[in-house]
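Here is how the chains run, residue by residue.
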Amino acid sequence: MVLAELGGSISRALQQMSNATIIDEKVLNECLNEITRALLQSDVQFKLVREMQTNIKKIVNLDDLAAGHNKRKIIQQAIFNELCKMLDPGKPSFTPKKSKPSVVMFVGLQGSGKTTTCTKYAYYHQKKGWKPALVCADTFRAGAFDQLKQNATKAKIPFYGSYMESDPVKIAVEGVERFKKENCDLIIVDTSGRHKQEVALFEEMRQVSEATKPDLVIFVMDSSIGQAAFDQAQAFKQSVAVGAVIVTKMDGHAKGGGALSAVAATKSPVIFIGTGEHMDEFEVFDVKPFVSRLLG
Ligand code: GDP
């Protein structure tokens, strides 16, 4: 179920509930079941949905609600708060400061949109007066360096990589050192993303992370990954200190549920979303407006 449909289903469920003359336990359960179904179809993990349902039932104690209170409003507010809570890990991610050079490392599976997102992230900051730089430490995928180079050139962002060197750790370290010397304040390291969660990928990621000591590790996730989101995000979190998530491909047929799972699995916030292939199709992620949109 795509995002717009999810919003529609949830508001329909709430509407149906408010049409009922008396909102009792049965009506509330029907409404919650409807919402549960919609969330599951949008790829929100089953465990999260169940937790949400239990929490809402705890908050909305129908017997305690004094007559005259707008029960529908109270339930709607409880659903809104729960969805916000699911997207808020409780602590903000590291935010780079212009006064000190920051190293930001990108991780994710091949095809997740990692390389594209590195440039989008650099471009976003460049427009705000930063001096970003891109390092291609992806020596696994043929063409990765060319892709980064092409994107970086288009956006006039300095880049570093090698056609000859096969050791990603060496490239990452050299790139970071060079750009620190050149007074770049945001050094972005793109790492290899293989087609599945291979042991070698995680080992390589760990080594690049140990050598470059990033201030922030961003996990890039394709929103169309579905129910696999939780396990994938957790696998990355277990290997490197993921501190933030960027969800890509939220345009088109994106399902929103993966974002909730990624937050739960990494205990890190979603900071941006990718909404297209172009450099500027990139938005700051804000929990409340996102949930408002979701609820229609
Ligand atoms: P990587 O293997 O993870 O580095 O992935 P790439 O950056 O090469 O991206 C894979 C494909 O996804 C490319 O065709 C990108 O243009 C596309 N892509 C990346 N981000 C987005 C997005 O937000 N929306 C859409 N529609 N496509 C995207």
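Let me sum up the structure you'll find in this document. In every chain, residue numbers begin from 1 and rise along the written sequence. Predicted model: local features are reported for residues with pLDDT of at least 70 only, side-chain atom pairs are reported and counted for 80 or more only, and whole-chain, interface and lining totals are derived from all residues. Side-chain calculation: all heavy atoms of the structure are included, whereas hydrogens and water are not.

### Description of the pattern of salt bridges
One side-chain nitrogen of Lys or Arg within 4 Å of one carboxyl oxygen of Asp or Glu is enough to make a salt bridge. One pass over the structure, following the stated rule, counts 11 salt bridges. Close ionic contact of E82 with K85 constitutes a salt bridge, the shortest N to O distance being 3.0 Å. With E82 and K85 both in helix α4 (residues 71-87) and 3 residues apart, the pair spans about one turn of that helix. K114 is the partner of D190 in a salt bridge, and the nearest nitrogen-oxygen pair spans 3.0 Å. A residue pair is termed long-range when its members are at least 10 positions apart, and D190 in strand β4 (residues 186-191) and K114 in helix α5 (residues 114-127) qualify at 76 residues. For the pair formed by D190 and K114, the shared burial category is buried. One connected set of salt bridges, linked through shared partners, spans E165, K170 and E174. Helix numbers and strand numbers start at the N terminus; a helix is a DSSP run of H or I with at least 4 residues, a strand a run of E with at least 2. The rule is simple: take the accessible area with a 1.4 Å probe, protein chains only, and divide by the maximum for that residue type; under 20% is buried, over 50% is exposed, in between is partly exposed.

### Concerning the site of the ligand
To be near a molecule or strand, a residue needs just one of its heavy atoms within 4 Å of it. Around the ligand, 17 residues are found, and the nearest of them are G111, K114, T115, T116 and D251. The definition of a polar contact used here is a pair of N or O atoms within 3.5 Å, where within protein one atom must be able to donate a hydrogen and the other to accept one, and adjacent residues in sequence count solely through side-chain atom pairs. In this structure, an oxygen atom belonging to the ligand sits 3.0 Å away from a side-chain N or O atom of Q147. The backbone of T275 places a nitrogen or oxygen atom 3.5 Å from an oxygen atom of the ligand. With 4 residues, the single largest contributor to the shell around the ligand is α5. Of the residues that constitute the shell around the ligand, the class distribution is 1 nonpolar, 10 polar and 6 charged. Note on residue categories: nonpolar means Ala, Val, Leu, Ile, Met, Phe, Trp, Tyr, Cys or Pro, charged means Asp, Glu, Lys or Arg, and polar means any other residue, Gly included.

### Points about unusual backbone geometry
Although it is not a glycine, K213 adopts a positive phi angle of roughly 45°. On the basis of relative accessible area, K213 is assigned to the exposed category, the value being 61%.

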